[in-house]
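Here are the chains, one letter per residue:
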Amino acid sequence: MDRLLQLEVFSKTAELGSLSKAADTLRMSNAAASRHLSALEERLAVRLIERNTRRQWLTEAGQELLQRCSTLLNELAEAEDAVSDRALSPKGMLRVTSSLSFAMIYMAPMLPAFRKLYPKLDVQIIAANRYPDFIEAGIDVAIRTREQEPDSNIIIRRIGQMRRVLAAAPSYLATHGIPEHPADLARHDMLVYNLANDPYSLRLSQGSATQTIRIAPTLDSNDGQIICGAARAGLGILIQPLYIVQSDIAAGKLVPVLTDWELPLLTMNVAYQNRVRLPAKIRVFSDFLVDHIRAHSDAGIWIEAT
């Protein structure tokens, strides 16, 4: 049992980046947590965590152990879930990552209703436009816009496919004119999300016709909210998923352009680690999220939802 507790202290310290935070989470004193970690390093005869006065980091041996013991601890938690009331009443902490835009538009508004159903389940949202490693970041669920995962241990559940649009503020269009053909975009100020696939090349289709346009951005950014803010201020034409700009379009702050041309659809997935038994907290959150999106999205934003 002491060996298991030592692994829990080590895993939680690595996850939270702090021995004192791990001690608080595991409800033990800092001194006790330090003893467990030291005993583990002594038993294995290897240094697992290096630390100085400003930070701590995993050694190579620590990284390997974390990967292995995380799997062990997850399987143990799943076994406990199977024979406890967590299967009916999930509890603990659920860590979810998504883009800032998705978190603001879909996840944050749904949390009050979600918490009413599952009051013992706390949620931590990590807003990130890049894809953190599940194990290193302690992620339970990730909302991602890619068709496939490079790691075969990651399961994806498709939420649906979204339309993307080109849009600009009325003030910008009054000054620079409205593009009537994809080729016109070459003379316009473009606002580009630089983490998209091939962000500086636009492929637009109209029936069987396809146009590919290279663009030089006036602004590029790794966050859609920055792009939207600049577009509303009249800086240029953005390319964004419709769900992000729908409210601005409805309010007249942005105006879609080239509406008779279509951009490639964007696929949105829920991703989580492959488990022998899917933890109840992941299952209920994923189901609730998909239902929430289906019920609270304007018509035309999503092509399909599962």
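Quick note: structure is the one above.
What you see is a predicted model; the values in this text were computed from it and never measured. (Residues numbered from 1 in each chain as written. Predicted model: local features only at pLDDT ≥ 70, side-chain atom pairs only at ≥ 80, totals over all residues. Heavy atoms only, no water.)

Peer 1: Give a description of the overall build of the protein that names residues and reports values.
Peer 2: What the protein contains, in helices and strands, is 10 helices and 15 strands. Buried residues in the protein amount to 42% of all 306 residues. Taking as baseline every contact in the protein between residues at least 6 positions apart, the subset at least 24 positions apart corresponds to 71%. Surface summary for the protein: the accessible area is close to 16100 Å², and the carbon and sulfur share equals 49%. (Helix = DSSP H or I, 4+ residues; strand = E, 2+ residues; numbered from the N terminus. Buried < 20%, exposed > 50% of the residue type's maximum accessible area, 1.4 Å probe, protein only. Contact = heavy atoms within 4.5 Å. Areas by Shrake-Rupley, 256 points an atom, 1.4 Å probe, with all protein chains shown as cover.)

Peer 1: Which residues make up the sheet that holds strand E7 (residues 164–168), and what values do they have?
Peer 2: As summarised here, the arrangement of the 5 strands in space is E11-E8-E12-E7-E13, forming an open sheet in which the pairing is mixed. Looking along the sheet, the strands with just one partner apiece sit at the ends: strand E11 (217–221) and strand E13 (255–257). The average angle at which neighbouring strand axes cross in this sheet is 35°, direction not considered. Pairing analysis gives 4 bridges linking E7 to strand E12 (residues 237–241), with the strands arranged antiparallel. Among the inter-strand pairings, Arg164 is bridged to a residue of E12, identified as Pro241. The sheet contacts of helix H9 (residues 242–250) involve E7, E12 and E13, and relative to E12 the element is tilted by about 120°. (Pairing = 2+ DSSP bridges. Axes fitted to C-alpha atoms, helices over the stretch in contact; angles between N-to-C directions.)

Peer 1: Before we move on, could you go through the environment of Leu289 and cite the residues and values that matter?
Peer 2: Checked against the element boundaries, Leu289 lands in helix H10 (residues 280–296). Along the chain, Leu289 and Met110 lie 179 residues apart, while their C-alpha atoms are 7.8 Å from each other. The contact partners of Leu289, leaving out residues within four places of it in the chain, are Phe102, Met107, Met110, Ile143, Ile159 and Val270.

Peer 1: I'd like a rundown of the environment of Gln6, residues and numbers included.
Peer 2: Assignment of secondary structure puts Gln6 in helix H1 (residues 2–16). C-alpha separation for the pair Gln6 and Ser34, spaced 28 residues apart in sequence, amounts to 9.6 Å. With near-sequence residues (within four places) excluded, Gln6 lies in contact with His36, Ala39, Leu40 and Arg43.

Peer 1: Quick rundown of the pattern of salt bridges? Include the residues and the values.
Peer 2: The tally for this structure, following the rule as stated, stands at 11 salt bridges. A salt bridge links Glu15 to Lys12, with the nearest nitrogen and oxygen atoms 3.6 Å apart. Note that Glu15 and Lys12 are positioned in helix H1 at a spacing of 3 residues, about one turn of the helix. Linking Asp248 and Arg232 is a salt bridge whose minimum nitrogen-to-oxygen distance equals 2.8 Å. Highlighted residues: Asp248 in helix H9 and Arg232 in helix H8 (residues 224–232), separated in sequence by 16 residues. For Arg232, a relative accessible area of 36% translates into the label partly exposed. Three or more residues are tied together by salt bridges with common partners; here these are Lys12, Glu15 and Arg95. (Salt bridge = Lys/Arg side-chain N within 4 Å of Asp/Glu carboxyl O.)

Peer 1: Outline the nonpolar core, listing residues and values.
Peer 2: Ranked by size, the top nonpolar core spans 40 residues in total, and within it Phe102, Ile159, Leu238, Val245, Phe285 and Leu289 carry the most contacts. At 7 residues, H10 tops the list of elements feeding residues into this core. If we skip the residues at most four places from it in the chain, Val245 touches Val165, Cys228, Leu238, Gln240 and Leu254. Listed in part, the 17 residues of the second largest apolar core include Leu166, Tyr172, Met190 and Leu263. (Core = buried A, V, L, I, M, F, W, Y, C linked by side-chain atoms within 4.5 Å.)

Peer 1: Report on the pairing of strand E10 (residues 209–214), specifying residues and quantitative values.
Peer 2: Regular strands place side chains that alternate from one sheet face to the opposite one. When strand E9 (residues 201–206) meets E10, the two strands line up antiparallel, connected through 6 bridges. Across the sheet, Leu202 pairs through a bridge with Ile213, a residue of E10. Between the end of E9 and the start of E10, which pair antiparallel, lie 2 residues, with Gly207 showing a positive phi angle near 65°.

Peer 1: Pulling in residues and values, what's your account of unusual backbone geometry?
Peer 2: A positive phi angle is found at Ala45, which is not glycine, with a value near 55°. As for its placement among the helices and strands, Ala45 is situated in the loop between helix H3 (30–44) and strand E1 (49–51). The class of Ala45 is exposed, set by a relative accessible area of 69%. Non-glycine residue Leu258 carries a positive phi angle of around 50°. Locating Leu258 in the fold gives a position in the loop between E13 and strand E14 (266–273).

Peer 1: An account of H8 is needed here, citing residue identities and associated values.
Peer 2: One full turn of an α-helix is made of 3.6 residues, so residues set three or four places apart face in the same direction. Buried within H8 we find Gly224, Ile227, Cys228, Ala230 and Ala231. All buried residues of H8 fall inside an arc of 165° around its axis, so they share one side. Considering only its buried residues, H8 is in contact with helix H5 (100–117), strand E8 (190–193), E11, E12 and H9. N-capping of H8 is provided by Asp223, with a side-chain oxygen placed 2.8 Å from the backbone N of Gln225. Just downstream of H8 lies Gly234, where phi reads positive at about 95°. (Arc of directions from axis to C-beta. Polar contact = N/O pair within 3.5 Å; in protein donor to acceptor, adjacent residues only side chain to side chain.)

Peer 1: Can you tell me about the packing of H5 against H10, naming the residues and giving the values?
Peer 2: Contact pair H5 / H10: the axes reach a minimum separation of 10 Å and the direction vectors enclose 120°. The orientation of H5 relative to H10 falls into the category oblique. Relative to H10, H5 is oriented so that their crossing is right-handed. Judged by residue contacts, Phe102, Tyr106, Met107, Met110, Ala113, Phe114 and Leu117 of H5 engage Val284, Phe285, Phe288, Leu289, His292 and Ile293 from H10. When grouped by side-chain class, the residues that make up the contact of H5 with H10 number 12 nonpolar, 1 polar and no charged. (Parallel < 35°, antiparallel > 145°, perpendicular 65-115°, else oblique. Left-handed = near helix turned anticlockwise from the far one by under 90°. Nonpolar A, V, L, I, M, F, W, Y, C, P; charged D, E, K, R; others polar.)

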